[in-house]
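As a plain string of letters, each chain reads:
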Amino acid sequence: MYPKAYRTLRRHWFYRILAFLAGIVLLYAPFALLTRLILWASGSPLLPDAHRICMRMPVQWLAQPWMYGTMLEQPAYLVVILVLPGIALFAGPLFCGWLCPAGGLTEYLSRIVPPRFQIDLGGRVNPVPIRYGFTVGMMVASFIGGNVCCSFCNFTHTQNIISAVFGDFTGIAYWASFSVVSFALWFVVLGIFTKGGRGWCNFLCPAGALQGLTHSLGRWLRLGRSVQIERTRCSGCKECLSLCPTWAISEKEDVLEVNAHACNVCMDCTQVCNRNAIAYRPNKGTAPQRAPETAGAN
Amino acid sequence: MLEKLGQLAQKLGNRLHAFAFGTTVALGTVLFSQVGQTCAISGQ
């Protein structure tokens, strides 16, 4: 069962869903307002849709110096390798937790599926090294003639779904490829039938990996903000742990901690904590250590 | 001291294993990605 505190999250989720809808309007055809703005500003004749601000290919291109020219010619490609990691350095992967239509779609739909039908990997698997490994593998694959980016592009799937809603079914041709497998993995297995609905993001999103890396760097350098647990206040109820869609909260020797590599600052956990122990705090100064005698209390 | 080093080595080993698993998934996909899939923006 989901924790009782889910009821207190309604307002927070309302704002998150508004941000998710804003993400669709900003990035996806037929709207793609942000994409149109960038293409217009750079004088690009390309059609505005999810492919223009590609969230995957530029990450692969980081390992391909001969593609740097392409990226500089089309500034929209710089969003995923400069703008989003830059934001994540100071504020965390706000794009992932609030705006990303591909991650948000599966997360919000997963709440409709009864938890007894869902795989619960939270606390059992650490997805962070797998995601970094996948990102590096994706870069290496480009040197042996493979294109893992588009085979695993959940943004294209989301664009196809949204286009179909608005009467454009041309994306159906896309299904005659590996996309059938990746759609089933993204939407079904690691999506709505995984607790939290973010299995794909947690294991296989290179844009998320890049932002997780800079978010963690920001915390290490004490820059900006991140979700932190004040251990003296924590009662050890673990409601935040059971709620976290990215499995970023784990328990080690009766102490809860947030993994900045995995956290997408959705801030659901900060809403559910009635002792205000977990909050989005400045990284300056370290959070007080939890007193051993209070460990595991309540 | 040795026990701590052992724990650290095990932790590192687990992470390396997971990292290698992710890399293998990506490289394994290359086999499938040859079936009718090219990049929509660069044709790669």
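Given the structure is predicted, the values throughout are model-derived calculations rather than measurements.

*Asks:* Could you give me a rundown of the overall build of chain A, with the residues and numbers involved?
*Replies:* Looking only at helices and strands, one finds 15 helices and four strands in chain A. At 19 Å, chain A has a C-alpha radius of gyration in line with the 19 Å of a compact globule built from 298 residues. On the principal axes, the C-alpha backbone points of chain A span a range of 65 × 40 × 35 Å. In chain A, which comprises 298 residues, the share counted as buried stands at 48%.

*Asks:* Provide a residue-level description of the overall build of chain B, including the pertinent values.
*Replies:* Counting secondary structure elements, chain B contains one helix and zero strands. Every one of the 44 residues in chain B was classed for burial, and the buried ones make up 18%.

*Asks:* Describe unusual backbone geometry, listing the residues and the values that go with them.
*Replies:* Residue and element names in this part refer to chain A. Cis peptide bonds are those with omega within 30 degrees of zero, and the linkage from A29 to P30 qualifies with 10°. Residue placement: P30 occurs in the loop between α1 (10–27) and α2 (33–41). If you check the backbone angles, V265 has positive phi at about 45° while not being a glycine. The exposure class assigned to V265 is buried, which follows from the 26 C-beta atoms found within 10 Å. Unlike most non-glycine residues, M267 shows phi in positive territory, near 65°. A tally of 21 C-beta atoms within 10 Å means that M267 is categorised as buried.

*Asks:* Let's hear about the domain arrangement of chain A: which residues, and what values?
*Replies:* All names here are of chain A. On domain assignment, one finds that chain A holds domain 1 (4–216) and domain 2 (225–294). The C-alpha-based centres of domain 1 and domain 2 are spaced at 25 Å. Contact with domain 1, which involves 27 residues of that partner, is made by 22 residues of domain 2. Secondary structure elements with two or more residues in the side of domain 1 that touches domain 2: α1, α6 (94–99), α8 (127–141), α12 (199–204) and α13 (206–220). For the side of domain 1 that touches domain 2, the residue count by class is twelve nonpolar, twelve polar and three charged.

*Asks:* Please give an account of α1 of chain A that cites residues and values.
*Replies:* Residues and elements named next belong to chain A. The end-to-end C-alpha distance of α1, which contains 18 residues, comes to 26 Å, matching closely the 26 Å that a straight helix rising 1.5 Å per residue would cover. Buried within α1 are the following residues: R16, F20, G23, I24 and L27. The buried residues of α1 occupy an angular sector of 95° when the element is viewed end-on, so they sit on one face. Opposite the packed face of α1, turned more than 90 degrees from it, sit the exposed residues R10, R11, F14, Y15 and L18. Elements that come into contact with the buried residues of α1 comprise α2, α6, α7 (101–110) and α10 (154–165).

*Asks:* Residues and numbers for the nonpolar core, please.
*Replies:* Residues and elements named next belong to chain A. Ranked by internal contacts, the top residues of the largest apolar core, which has 81 residues, are C240, C244, I249 and C269. Mapping this core onto the domain boundaries places at least three of its residues in each of domain 1 (4–216) and domain 2 (225–294). In this structure, I249 is in contact with C240, L241, C244, L256, V258 and C269, ignoring residues within four places of it in sequence.

*Asks:* Tell me what's going on with the packing of α1 of chain A against α2 of chain A, and back it up with residues and numbers.
*Replies:* Residue and element names in this part refer to chain A. Running from amino to carboxyl end, α1 crosses α2 at an angle of 35°, the nearest separation of the two axes being 4 Å. Contacts between α1 and α2 involve V25, L26 and L27 on the former and, on the latter, L33, L34 and T35. Grouping the constituent residues of the contact of α1 with α2 by class yields five nonpolar, one polar and no charged.

*Asks:* Now, about α7 of chain A: what can you tell me, with residues and values included?
*Replies:* Counting buried residues along α7 of chain A, eight of its ten residues qualify, which places the element largely inside the surrounding structure. Looking only at α7 of chain A, the buried set comprises P101, A102, G103, G104, L105, T106, E107 and S110 of chain A.

*Asks:* Give a detailed account of the pairing of strand β2 (residues 249–252) of chain A, specifying residues and quantitative values.
*Replies:* All names here are of chain A. Two elements, β2 and strand β3 (residues 255–258), share four bridges in a ladder whose sense is antiparallel. Bridge pairing in β3 links S250 to E257. A loop of two residues connects β2 with β3, the two strands running antiparallel in sequence, and E253 in this loop sits at a positive phi of about 50°.

*Asks:* Could you give me a rundown of the environment of R11 of chain A, with the residues and numbers involved?
*Replies:* Relative to the assigned elements, R11 of chain A resides in helix α1. Note: C-alpha distance between R11 of chain A and Q271 of chain A (260 residues apart in sequence) is 9.7 Å.

*Asks:* Would you mind going over the environment of R116 of chain A in detail, with residue names and values included?
*Replies:* Locating R116 of chain A in the fold gives a position in the loop between α7 and α8. With 7 C-beta atoms packed within 10 Å, R116 of chain A lands in the exposed category.

Conventions we followed
Residues numbered from 1 in each chain as written. Chains lettered and ligands numbered in written order. Predicted model: local features only at pLDDT ≥ 70, side-chain atom pairs only at ≥ 80, totals over all residues. Helix = DSSP H or I, 4+ residues; strand = E, 2+ residues; numbered from the N terminus. Rg over C-alpha atoms; globule rule 2.2 N^0.38 Å. Buried ≥ 20, exposed ≤ 12 C-beta atoms within 10 Å, placed from the backbone. Domains from an automatic or database assignment. Contact = placed C-beta atoms within 7 Å. Nonpolar A, V, L, I, M, F, W, Y, C, P; charged D, E, K, R; others polar. Expected span 1.5 Å × (residues − 1). Arc of directions from axis to C-beta. Core = buried A, V, L, I, M, F, W, Y, C linked by C-beta atoms within 7 Å. Axes fitted to C-alpha atoms, helices over the stretch in contact; angles between N-to-C directions. Pairing = 2+ DSSP bridges.

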